[in-house]
Amino acid sequence: MTEQNSLRVRLFGYGAPYQVRFDQTGTVVPLVTTAEAEAAALVLELTALTGRSAGLASTEPGGWALSMPFGRCGVAGLPREYLIPWHCREAYLDLLDPDGYRSVPLSEGAVVQVVPGRVIRFRGRPRPGRRVLVSFQTEDRTPLLGNAAPFTLDGQVPEAYNERLVRCHGAFAAMRRLAETDPPAYRRTLEGFFSAMAARLAGNPEVARTQAEAREQGTYLDQDQLPLFGRQRNLLTESVIQRLAQQEEGLFRFPGMFGAVASLGKLID
């Protein structure tokens, strides 16, 4: 199977995670921003990633970059997701899984695999003059059909990015505490989140069709993800980056799971 065939059935692109700080209690405080500002920041980082000359990014000293905490229930254990962090001096993948909370250090430029049944958040601190950037690839497009959701305890997800960040990261912090104080309740809550997602997917014939097409293209069998990420980067031509600067619908999105998102699937559909 060719790299392009695998990419055609995947969700893939880049994200500039939300800029935040933590107050004295550890609560997430989102920085004020707009879609226009985030599009400009994403364009700067993608330009730098491709080796072209780019200006310096506007970041808060000592600030953090955070994704939205999110999870997917998975369909027959799929899809897996692959992430690569860029422009960071430190980065972590924080996970809530059936065994509790853990944080995995990440290396810039290295691929990390995420499997369903876990709530994850990406967390990083940028190198001077840059914003943290994340490359992502999800093996199929079932998340578009409901196989992914921001993590909350009550199923309520605010529209505004700042309110959503506060609620979802608050839920993440509460679950981390619950894992330490009441492991059975923690596991029940986590199972409930994924069970609700699975119920919404149940009986949807488009899910089966989506995964059948992905299986036919061999995306689940790809062992080495780096060539696929290389193919993804090759799509970042000057014209594509300009379209992102213009916030082209279907190509640019804010807010997304990774903040400002360049979703590149339409480039090879």
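Summary of the structure given here. (Residues numbered from 1 in each chain as written. Predicted model: local features only at pLDDT ≥ 70, side-chain atom pairs only at ≥ 80, totals over all residues. Heavy atoms only, no water.)

### Comments concerning unusual backbone geometry
Alright, step 1. Of the consecutive residues L78 and P79, the connecting peptide bond is found in the cis state with omega at 5 degrees.
Alright, step 2. A cis amide bond links F254 to the next residue, P255, at an omega of 0 degrees.
Alright, step 3. You can see P255 is positioned in strand β13 (residues 252-256).
Alright, step 4. Look at H87: it is not a glycine, yet its phi comes out positive at around 60 degrees.
Alright, step 5. Turning to its location among the elements, H87 is positioned in the loop between β6 (81-86) and β7 (88-97).
Alright, step 6. Residue classification places H87 among the buried residues on the basis of a relative accessible area of 5%. (Helix = DSSP H or I, 4+ residues; strand = E, 2+ residues; numbered from the N terminus. Buried < 20%, exposed > 50% of the residue type's maximum accessible area, 1.4 Å probe, protein only.)

### A closer look at the side chain of Q19
Alright, step 1. On the secondary structure map, Q19 appears in strand β2 (residues 18-22).
Alright, step 2. The contact partners of Q19, leaving out residues within four places of it in the chain, are P30, L31, S58, T59, E60, W64 and R131. (Contact = heavy atoms within 4.5 Å.)

### Observations concerning the sheet that holds strand β11 (residues 133-138)
Two modes of strand pairing occur in sheets, parallel and antiparallel, and in both the strands are linked by backbone hydrogen bonds.
Alright, step 1. Strand order in this open sheet of 6 strands is β9-β6-β11-β1-β14-β13, and the pairing throughout is antiparallel. Edge positions in the sheet fall to β9 (112-114) and β13, since each has one partner strand and no second. Between one strand axis and the next, the sheet turns through 25 degrees on average, direction left out of account.
Alright, step 2. Pairing geometry for β6 and β9, over 3 bridges, is antiparallel. What sits directly across from Y82, in β9, is Q113.
Alright, step 3. Together, β1 (11-16), β6, β11, β13 and β14 (259-263) form the strand contacts of helix α2 (residues 35-49), whose direction differs from that of β13 by roughly 115 degrees. (Pairing = 2+ DSSP bridges. Axes fitted to C-alpha atoms, helices over the stretch in contact; angles between N-to-C directions.)

### Re the pattern of salt bridges
Alright, step 1. Tallied over the full model, the rule gives 15 salt bridges.
Alright, step 2. Between E45 and R130 there is a salt bridge, with its nearest N and O atoms 2.7 Å apart. Of this pair, E45 sits in helix α2 while R130 sits in the loop between β10 (119-126) and β11, and the two are 85 residues apart along the sequence.
Alright, step 3. Using a relative accessible area of 0% as the deciding quantity, one classes E45 as buried.
Alright, step 4. Note that D94 and R123 form a salt bridge whose closest N and O atoms lie 2.8 Å from each other. With D94 in strand β7 and R123 in strand β10, this residue pair connects regions lying 29 residues apart in the sequence.
Alright, step 5. Looking at R123, the relative accessible area reads 13%, which means it is buried.
Alright, step 6. When salt bridges with common partners are traced through the structure, they connect D94, R121 and R123 into a single cluster. (Salt bridge = Lys/Arg side-chain N within 4 Å of Asp/Glu carboxyl O.)

### Points about helix α7 (residues 238-245)
Alright, step 1. Residues of α7 that are buried: V240, I241 and L244. Seen from one end, α7 has its buried residues packed into an arc of 100 degrees, which puts them on one side.
Alright, step 2. A positive backbone phi angle near 60 degrees is found at Q247, which sits one or two residues after α7. (Arc of directions from axis to C-beta.)

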